[in-house]
Amino acid sequence: MTWIAIGHIEDIPVRGARCVKTPEGKIAVFRTAENEVFAIDDHCPHKGGPLSEGIVHGKAVTCPLHNWVISLESGQALGADEGAVRTIPVRNEDGTLSISLERAVLAAAE
Ligand code: FES
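This write-up is about the structure you can find in this document. (Residues numbered from 1 in each chain as written. Predicted model: local features only at pLDDT ≥ 70, side-chain atom pairs only at ≥ 80, totals over all residues. Heavy atoms only, no water.)

**So, the sheet that holds strand β4 (residues 37–41)**
Piece 1. One open sheet holds the four strands; their spatial order is β2-β3-β4-β8, and the pairing between them is antiparallel. Only two strands of the sheet have a single partner each, and these edge strands are β2 (16–22) and β8 (87–88).
Piece 2. Bridge count between β2 and strand β3 (residues 25–31): seven bridges; the pairing is antiparallel. Across the sheet, V20 pairs through a bridge with I27, a residue of β3. (Pairing = 2+ DSSP bridges. Helix = DSSP H or I, 4+ residues; strand = E, 2+ residues; numbered from the N terminus.)

Shown next, in the form of structure tokens:
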């Protein structure tokens, strides 16, 4: 598994996100109010809205375009909406964050 350093948790606002550009596309990295970090594709399963610009609440994000709510843990759309985005493993070592692109490649191929 290949871990790619993407910066420090303090680079991400609390209840906010950063968009990380990778060879596999844009990945949205979120920081919750509890300082948990999640990474999912920055591409809403509805019509591709930029989830990194959405509003974080609990362990979910509301898409800025049409308000779908996406779980940061599972990548699944919540409520009545159906769809999912890829989740990407994140490692937090004393605030230094890394994401695993190798796993992401495998997950995308499944
Ligand atoms: S593109 Fe995200 S809710 Fe429509």
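**A word on the pairing of β4**
Piece 1. Of all the five residues making up β4, five are buried; the element is thus mostly covered by neighbouring parts of the structure.
Piece 2. In terms of strand pairing, β3 meets β4 through five bridges, oriented antiparallel. Along β4, the bridge assignment pairs R31 with V37.
Piece 3. Between the antiparallel neighbours β3 and β4 lie five residues, among them N35 with a positive phi of about 65 degrees.
Piece 4. Pairing between β4 and β8: two bridges, direction antiparallel. (Buried < 20%, exposed > 50% of the residue type's maximum accessible area, 1.4 Å probe, protein only.)

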